[in-house]
Amino acid sequence: MSALKPAIRRAVRRVTMETDMRLILSGIAALALTAAIQPAQAMVVGSLGGGTGPFLSLSSAGLNGGSVATLSGGTVYTSDEPFADIPKGGVYGGTFLAAGPTSGEPAVLTFQNPINYLSFLWGSPDTYNLLHVTSTTGTYDFTASSLNFAVTNGNQAFSQYVQFNATPGDQILSVSFNNSPAQDAFETANFSVSAVPEASTWAMMITGFFGIGFLAYRGRRQSGAAFRLA
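### Some remarks on the side chain of Ser176
If you trace the backbone, Ser176 turns up in strand β11 (residues 172–179). Taking the relative accessible area as the measure of exposure, Ser176 reaches 11% and is therefore buried. When residues no more than four places from it in sequence are discounted, the contact partners of Ser176 are Pro106, Ala107, Val108, Leu130, Leu131 and His132.

Here's what the structure looks like:
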């Protein structure tokens with residue numbers, strides 16, 4: 001009977017290691033599947049809110065000197081103009097973006113890498129301000145009215161933070177600031193974003209998890225072999 005105990009212990013250890021390895025591989029497969037799934041209802045959803053930062057610098061090159069997003073059209077100002085007023089509520093870096101007949105329109109921010117979240121301060125909102133958010137599933141249009149702003153008459157003493165979320169399976173590629181009809185101006189500031197991991201990043205993460213799992217499995221096998229030899 002005593003001779004059977006080591007064999008039983010070895011069998012239990014082998015089953016335990018094989019079970020652990022299966023669990024690790026199942027977790028890696030689930031992670032890969034989650035990254036690959038594209039839900040049928042993927043879309044961009046806009047709402048009031050955001051503004052928590054961290055805010056990105058804004059210049060004629062775009063966001064963070066163009067490293068986050070490049071800017072085409074529009075004009076970046078550092079002070080009120082006769083046709084464009086700096087958004088109220090504190091403007092990060094002292095700069096704001098204006099789009100209109102005088103400052104140029106549309107003003108388009110094109111992100112260097114897809115993002116899943118965007119927030120900014122919308123200054124003195126007017127009914128004719130028109131925002132286009134282009135994502136991997138299409139282009140979505142938003143206005144001050146469709147987002148349920150409390151003020152839509154261009155009141156220069158009013159600004160509102162807005163936020164846009166790409167649901168799983170979608171990614172935001174660019175935003176375009178326009179006016180319809182063409183009037184001055186659409187003013188924005190205090191941009192913040194959240195990036196989507198690139199495909200290469202997902203691949204590296206999955207490979208890393210697999211490597212950790214394999215090393216753990218191999219370490220347990222070696223420990224078991226050493227125990228048996230002892």
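### What about unusual backbone geometry?
The residue after Gly53, namely Pro54, is reached through a cis peptide bond having omega 0 degrees. If you trace the backbone, Pro54 turns up in the loop between β1 (44–48) and β2 (58–59). Between Asp184 and Ala185 the backbone carries a cis peptide bond, its omega angle lying at -5 degrees. Its location among the elements puts Ala185 in the loop between β11 and β12 (186–195). Phi is positive for Ser124, close to 35 degrees, though the residue is something other than glycine. Ser124 gets classed as buried once you look at its relative accessible area, which sits at 4%. Phi at Asn190 is positive, roughly 55 degrees, even though this residue is not glycine. The topology assignment puts Asn190 in strand β12. On the accessibility criterion, Asn190 (4% relative accessible area) is buried.

### Quick look at the side chain of Ser119
Here Ser119 lies in strand β7 (residues 107–123). Only 3.0 Å separates the side chain of Ser119 from the backbone nitrogen of Gly51, close enough to count as a polar contact. In contact with Ser119, not counting residues within four places along its chain, are Gly49, Gly50, Gly51, Tyr161, Val162, Gln163, Asn190, Phe191 and Ser192.

### Overview of the pairing of strand β8 (residues 129–135)
Of the two faces of β8, only the one carrying Asn129, Leu131, Val133 and Ser135 is buried; Leu130, His132 and Thr134 on the other face are not. Of the pairings in the sheet, the one linking β8 to strand β9 (residues 138–142) comprises five bridges and is antiparallel in character. By the bridge assignment for β9, Ser135 is matched with Gly138. Taken together, β8 and the strand that follows it, β9, pair antiparallel across an intervening segment of two residues.

### Some words on the environment of Gly65
With respect to the element layout, Gly65 can be found in the loop between β3 (62–63) and β4 (69–72). By relative accessible area, Gly65 is classed as exposed at 52%. When near neighbours in sequence (up to four residues on either side) are disregarded, Gly65 contacts Ser57 and Ser59.

### Observations regarding the confidence of the model for the protein
Chain-level statistics for the protein give a pLDDT mean of 83 and a share of 67% at 70 or above. Across residues 198–202 the pLDDT falls below 50, and counting only partners more than four positions away or on other chains, this stretch makes four contacts in the model.

### A word on the nonpolar core
Among the nonpolar cores identified, the biggest contains 31 residues, and Leu118, Phe120, Trp122, Leu131, Phe164, Ile172 and Phe177 are the most heavily contacted of them. Contributing elements (two or more residues each) for this core: β4, β6 (96–99), β7, β8, β10 (159–166), β11 and β12. What Phe120 contacts, discounting residues up to four positions off in sequence, is Leu131, Gln160, Tyr161, Val162, Phe164, Phe177, Thr188, Ala189, Asn190 and Phe191. Counting residues in hydrophobic clusters, the runner-up holds seven residues, among them Tyr77, Ala84, Ala98 and Ala189.

### Regarding the environment of Ala195
Checked against the element boundaries, Ala195 lands in strand β12. Among the residues examined, Ala195 registers a relative accessible area of 55% and is labelled exposed. Leave out the neighbours within four places in its chain, and Ala195 touches Pro114, Ile115 and Asn116.

Calculation rules
- Residues numbered from 1 in each chain as written.
- Predicted model: local features only at pLDDT ≥ 70, side-chain atom pairs only at ≥ 80, totals over all residues.
- Heavy atoms only, no water.
- Helix = DSSP H or I, 4+ residues; strand = E, 2+ residues; numbered from the N terminus.
- Buried < 20%, exposed > 50% of the residue type's maximum accessible area, 1.4 Å probe, protein only.
- Contact = heavy atoms within 4.5 Å.
- Polar contact = N/O pair within 3.5 Å; in protein donor to acceptor, adjacent residues only side chain to side chain.
- Pairing = 2+ DSSP bridges.
- pLDDT = per-residue confidence, 0-100.
- Core = buried A, V, L, I, M, F, W, Y, C linked by side-chain atoms within 4.5 Å.

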